[in-house]
Amino acid sequence: MTQHIVLYDGECPMCVFQMKMLSWLDWFGVLALVSLSDPRAQEVAPQLTREDLLEAIHCVTPRGRIYRGARAIRFVGMRLPLLVPVALFLWIPGIILIAEIIYQWVSRNRLILSRVFGCKDACSILPAKKREQDKLA
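Just so we're clear, the structure is a prediction, and the values are computed from it rather than from any experiment. (Residues numbered from 1 in each chain as written. Predicted model: local features only at pLDDT ≥ 70, side-chain atom pairs only at ≥ 80, totals over all residues. Heavy atoms only, no water.)

**Q** Summarise the side chain of Ser35; cite the residues concerned and give the values.
**A** The residue Ser35 is located in strand S2 (residues 31–35) in this model. Beyond its immediate stretch of four places on either side in the chain, Ser35 contacts Tyr8, Gly10 and Ala41. (Helix = DSSP H or I, 4+ residues; strand = E, 2+ residues; numbered from the N terminus. Contact = heavy atoms within 4.5 Å.)

**Q** Report on the sheet that holds strand S4 (residues 66–68), specifying residues and quantitative values.
**A** Pairing is mixed across the open sheet formed by 4 strands, whose spatial order is S2-S1-S3-S4. Looking along the sheet, the strands with just one partner apiece sit at the ends: S2 and S4. In this sheet, adjacent strand axes meet at a mean angle of 20° when their direction is disregarded. In the sheet, strand S1 (residues 4–8) pairs with S2 via 5 bridges, with the strands oriented parallel. Paired with Tyr8 across the two strands is Ser35, which belongs to S2. Contacts from helix H1 (residues 13–25) reach S1 and S2 within the one sheet, and its direction differs from that of S1 by about 160°. (Pairing = 2+ DSSP bridges. Axes fitted to C-alpha atoms, helices over the stretch in contact; angles between N-to-C directions.)

**Q** Lay out the confidence of the model for the protein chain with the relevant residues and their values.
**A** For the protein chain, per-residue confidence averages 86 on the pLDDT scale, and 84% of positions sit at 70 or higher. The lowest-confidence element of the protein chain is helix H8 (residues 119–125), averaging 55 in pLDDT; the highest-confidence one is helix H5 (residues 84–90), averaging 97. (pLDDT = per-residue confidence, 0-100.)

**Q** Account for the nonpolar core, with residues named and values stated.
**A** General note: in soluble globular proteins, nonpolar side chains tend to be found buried as a group. Counting 25 residues, the largest nonpolar core has Val6, Met19, Leu31, Cys59 and Val76 as its most contacted members. Put simply, the parts of the chain that give this core at least two residues each are S1, H1, S2, helix H4 (69–77) and helix H6 (95–108). Setting aside its immediate chain neighbours within four residues, Met19 contacts Val6, Tyr8, Leu33 and Ile57. One finds Leu7, Val34, Val44 and Leu53 within the second-largest nonpolar core, a separate group that totals 11 residues. (Core = buried A, V, L, I, M, F, W, Y, C linked by side-chain atoms within 4.5 Å. Buried < 20%, exposed > 50% of the residue type's maximum accessible area, 1.4 Å probe, protein only.)

**Q** Give a description of the environment of Met14 that names residues and reports values.
**A** Of note, Met14 is situated in helix H1. With a relative accessible area of 10%, Met14 lands in the buried category.

Right under this line is the structure:
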């Protein structure tokens, strides 16, 4: 495993939209995006239950370290040039704690928020980028 593997809920329109955005922002191919419906998801992080994985986005590093929720966003953001400012903001003392609370609320309400913000329609506007690393993770 040479890339950081991002595990996400492929049944959630908001999550799918965010992964499409990440695929376009990942200029250097440092991420492999794997939906929870993919059998590889359990192989990548066998210590995490399906419930754990459904609660938040997870990023698994090549060394096996797992970042969850807002900390996963911060970790991934430091590796994608356009997201570095967001990631740096999340390093300000205390901000990550607030970000985790907000992340948990959004995660619990993501299906409702998907309908409110029209993520399904937005997902159809933003094309999926075909990437080999998402197939070979």
